[in-house]
Amino acid sequence: MKKLILPFLIVAAFLFGSCTATKSTVSNNVNLARYEYASIINNDTYRIPPELMEYQIQLYDAVEESKLQLVSDARIYDLTPSQQERLLLVKYGVNVQTEETVVIVSFIDYLTGRPVASCQGAYSSLGVASASHDINGAIRRVAKQISDTFNPQK
């Protein structure tokens, strides 16, 4: 009987740790359907965090889950004023710890600078797997949050 308790506790801890907080927050005063474009900020003022560089492709794919058309930050000024009104700037954040890895993607109205939505994906293997495994899991979860937030009819 005692031999079964330890494996059970390990499995229970693993399952509990894998169920970390994944969520989205959307401003009450914003209609996300009005936005058509997104530009991931990667300039002199804000760069994608170095720890995410190898995951950059996955992060861009995650933003594409929003169905927003990606626009290079260097091409924002090529958009018409009407298109700029429908543009969201995108920022990433990551927090890698042994307990859990959290990736946050924030969407900011281009004209007002107001944050309108934030999607968070969290994942944990409780240190059993590598940090890259946890980052991949967190990115998958944030991609789902982005898709669900911008495509609620799904």
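Being a predicted model, the structure only gives us computed values, none of them experimental.

Thresholds applied
Residues numbered from 1 in each chain as written. Predicted model: local features only at pLDDT ≥ 70, side-chain atom pairs only at ≥ 80, totals over all residues. Heavy atoms only, no water. Helix = DSSP H or I, 4+ residues; strand = E, 2+ residues; numbered from the N terminus. Buried < 20%, exposed > 50% of the residue type's maximum accessible area, 1.4 Å probe, protein only. Contact = heavy atoms within 4.5 Å. Areas by Shrake-Rupley, 256 points an atom, 1.4 Å probe, with all protein chains shown as cover. Phe/Tyr/Trp six-rings, centres within 6.5 Å; stacked < 30°, edge-to-face > 60°. Lys NZ or Arg CZ within 6 Å of the ring centre and 35° of its normal. Pairing = 2+ DSSP bridges. Arc of directions from axis to C-beta. Axes fitted to C-alpha atoms, helices over the stretch in contact; angles between N-to-C directions. Core = buried A, V, L, I, M, F, W, Y, C linked by side-chain atoms within 4.5 Å. pLDDT = per-residue confidence, 0-100.

Undergrad: Outline the overall build of the protein, listing residues and values.
TA: Regarding its fold elements, the protein presents four helices and six strands. Going residue by residue from the N terminus, the α and β elements of the protein occur as α-β-β-α-β-α-β-β-β-α. Across the 154 residues in the protein, those meeting the buried criterion constitute 40%. Contacts in the protein between residues far apart in sequence, at least 24 positions, make up 63% of those at least 6 positions apart. Carbon and sulfur atoms provide 57% of the accessible area of the protein, an area that totals close to 9,100 Å².

Undergrad: Describe the environment of Asn 42, listing the residues and the values that go with them.
TA: Tracing the backbone shows Asn 42 in the loop between strand E2 (37-40) and helix H2 (56-64). For Asn 42 and Tyr 92, which are 50 residues apart along the polypeptide, the C-alpha to C-alpha distance reads 9.8 Å.

Undergrad: Which residues make up the packing of aromatic side chains, and what are the values?
TA: One pass over the structure, following the stated rule, counts one aromatic pair. Seen from the ring of Tyr 35, Arg 34 lies directly overhead, with NZ or CZ sitting 4.7 Å from the centre.

Undergrad: How would you sum up the pairing of strand E6 (residues 115-123)? Please name residues and give values.
TA: Among the nine residues in E6, seven count as buried, and that is most of the element. With eight bridges connecting them, strand E5 (residues 101-109) and E6 associate as antiparallel partners. From the neighbouring strand, Val 103 faces E6, where its bridge partner is Gly 121. Following E5, the chain reverses through five residues before pairing antiparallel with E6; Gly 113 in that reversal takes a positive phi of roughly 75°.

Undergrad: An account of H2 is needed here, citing residue identities and associated values.
TA: Residues of H2 that are buried: Leu 59, Ala 62 and Val 63. One side of H2 carries all its buried residues, which in axial view fall inside an arc of 95°.

Undergrad: Give a detailed account of unusual backbone geometry, specifying residues and quantitative values.
TA: One non-glycine residue with positive phi stands out, namely Lys 67, at about 70°. Relative accessible area serves as the criterion here: at 60%, Lys 67 is assigned to the exposed category.

Undergrad: An account of the sheet that holds E2 is requested, with residue identities and associated values reported.
TA: One open sheet holds the six strands; their spatial order is E1-E6-E5-E4-E2-E3, and the pairing between them is mixed. For this open sheet the edge positions go to strand E1 (23-26) and strand E3 (69-70), each flanked by a neighbour on one side alone. Against the sheet, H2 touches E2, E3, strand E4 (87-96) and E5, its axis set at about 135° to E4.

Undergrad: Hey, could you go over the nonpolar core for me, with residue numbers and the actual values?
TA: If you look at the biggest cluster of nonpolar residues, it comprises 29 residues, and the most contacted ones within it are Val 90, Tyr 92, Val 103, Val 105, Phe 107, Val 116 and Ile 146. Where this core is concerned, the elements lending two or more residues are E2, H2, E4, E5, E6 and helix H4 (131-150). The dominant element in this core, judged by the number of residues it contributes, is H4, at seven residues. The contacts of Val 105, once residues within four sequence positions are left out, are Val 63, Val 90, Lys 91, Tyr 92, Ala 117, Ser 118, Cys 119, Val 142 and Ile 146. Within the second largest apolar cluster, nine residues are counted, among which are Ile 41, Leu 87, Leu 89 and Ile 108.

Undergrad: Give a detailed account of the confidence of the model for the protein, specifying residues and quantitative values.
TA: Averaged over every residue, the pLDDT of the protein is 83; residues scoring 70 or more account for 77%. Per-element mean pLDDT across the protein ranges from 46 in helix H1 (residues 2-18) up to 97 in helix H3 (residues 81-84). A low-confidence stretch, residues 6-18 stays under pLDDT 50, and its non-local contacts, those more than four residues away or across chains, total eight contacts.

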